[in-house]
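What follows is each chain in one-letter form.
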Amino acid sequence: MSNESINWDKLGFDYIKTDKRYLSVWRNGEWDKGTLTEDNVLHISEGSTALHYGQQCFEGLKAYRCKDGSINLFRPDQNAARMQRSCARLLMPHVPTDVFIEACKQVVKANEKFVPPHGKGALYLRPFVIGTGDNIGVRTAPEFIFSVFAIPVGSYFKGGMKPHNFQISSFDRAAPQGTGAAKVGGNYAASLQPGAEAKKANFADAIYLDPLTHTKIEEVGSANFFGITANNEFVTPKSASVLPGITRLSLMELAQSRLGMTVIEGDVEISKLDRFVEAGACGTAAVITPIGGIEYNGKLHVFHDLEKVGPVTQKLYNELTGIQSGDVEAPAGWIVKVA
């Protein structure tokens, strides 16, 4: 596909076929050396465990165009480590960090023309591992595929960096001792119905409470939650069923080191939202989405403003996106140059 037909100013978060993707196969106890291919269709056994038993995991990270034309990968080592943890949880062979990063770099280089201009979005990378091969029993697969593809993206939520409203869901995203901390497809399949119901009611997405007591916020759709207090505290949920987001981790570090905030990982009780003067959702796809209000038991709790972004949220956004696009100096090790 040519990039000439892409309107960089109107990029959303939709699939666009790019030129090349990385593909590696695990069989007989090892990964092959991997290759780039133009084929965006996977050919797998009908008995693949990914299809029947959900043995699969994935990642999401972005490559950014800098003003000088170079390309930044943002903290790919953290994505590699998280995928390794997900693979371990589902009894899949892990992809070594150096292989993961090299695969991402190859895909970015092969699709460089699809990296949006500086400030117009990013090239989103989707690495994944799936169980394949002839099988029917409930057990780990005889073979696996590791692949990375890329698409140019803009804002995940329509309207970009502006406050959105969310609705507390009565559904659970994951079980108390389940796979909530792993980035596996089943967690997202479980979110489809509550997400659709929230959007039907004119909310951006659903917010999930802890599955054990239904009293504490855990995740915002497919993103992490954070709240800002009047005492200059950055608060984010701590739970065994919360996915440890790379954006969340980065914001925690930036809030402390660059904004002088106190970072707290702990309980975010739904009955005590008044402690926050600002709130937001964060993730690779969403980056930072300010939360205007949260509906719970028929009442909308409003944070900073339903229309305006809070000052601390804006500072965090500027710092994070500035680092990603090369406009702000990055902490050591956060940026991997591709080209």
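Look above for the structure.
The model shown is predicted, which means the values in this text are computed figures rather than measured ones. (Residues numbered from 1 in each chain as written. Predicted model: local features only at pLDDT ≥ 70, side-chain atom pairs only at ≥ 80, totals over all residues. Heavy atoms only, no water.)

(A) Broad picture of the pattern of salt bridges. A full pass over the atoms with the stated rule returns 11 salt bridges. For D9, the salt bridge is made with K120, and the minimal N-O distance between the two is 2.5 Å. One end of the pair, D9, is in the segment before strand 1 (21–27); the other, K120, is in the loop between helix 3 (97–110) and strand 7 (122–132), with 111 residues separating them in the sequence. For D9, a relative accessible area of 58% puts it in the exposed group. The residue R82 makes a salt bridge to E59 at a minimum N-O spacing of 2.7 Å. Of this pair, R82 sits in helix 2 (residues 76–89) while E59 sits in the loop between strand 4 (56–58) and strand 5 (61–65), and the two are 23 residues apart along the sequence. Both residues of the pair, R82 and E59, belong to the buried class. (Salt bridge = Lys/Arg side-chain N within 4 Å of Asp/Glu carboxyl O. Helix = DSSP H or I, 4+ residues; strand = E, 2+ residues; numbered from the N terminus. Buried < 20%, exposed > 50% of the residue type's maximum accessible area, 1.4 Å probe, protein only.)

(B) Expanded view of the layout of surface pockets. Reported here for the largest pocket is a volume of approximately 630 Å³. Lining the largest pocket we find 33 residues, and of these R126, Y156, K183, Y188 and S222 sit closest to its centre. Those elements giving two or more residues to the lining of the largest pocket turn out to be strand 7, strand 8 (143–153), helix 4 (185–189), helix 5 (192–200), strand 12 (223–229), helix 6 (246–257) and strand 15 (276–283). A per-element tally of the lining of the largest pocket places helix 5 first, with four residues. The residue inventory of the lining of the largest pocket, partitioned by class, reads 16 nonpolar, 11 polar and six charged. When residues of the lining of the largest pocket are assigned to domains, at least three fall in each of domain 1 (8–153) and domain 2 (164–325). One number sums up the size of the second largest pocket: a volume of about 480 Å³. For the lining of the second largest pocket, the secondary-structure elements that each account for two or more residues are strand 5, strand 16 (287–296) and helix 7 (311–324). Sorting elements by how many residues they give to the lining of the second largest pocket places helix 7 first, with four residues. Partitioning the lining of the second largest pocket into residue classes produces 12 nonpolar, 11 polar and four charged. (1 Å grid on protein atoms, 1.4 Å probe; cavity = no way out; pocket = protein on both sides within 12 Å on 5 of 7 lines; lining within 4 Å. Points joined across faces, edges and corners; volume = space filled by probe spheres on them. Nonpolar A, V, L, I, M, F, W, Y, C, P; charged D, E, K, R; others polar. Domains from an automatic or database assignment.)

(C) Structural context of unusual backbone geometry. One non-glycine residue, R75, adopts positive backbone phi at about 50 degrees. Phi is positive for L91, which is not a glycine, with a value near 55 degrees. By secondary structure assignment, the location of L91 is in the loop between helix 2 and helix 3.

(D) Representation of the pairing of strand 5. The element strand 5 is largely enclosed, with a buried count of five among its five residues. For strand 5 and strand 7, the ladder comprises three bridges, and the chain directions are antiparallel. When the bridges of strand 7 are listed, A63 appears paired with L123. In textbook terms, the turn of a hairpin is the stretch between consecutive antiparallel strands, and for strand 5 and strand 6 (residues 71–74) this stretch comprises five residues, one of which, G69, has a positive phi near 95 degrees. (Pairing = 2+ DSSP bridges.)

In short, the description is geometric, and any link to function would need to be established separately.
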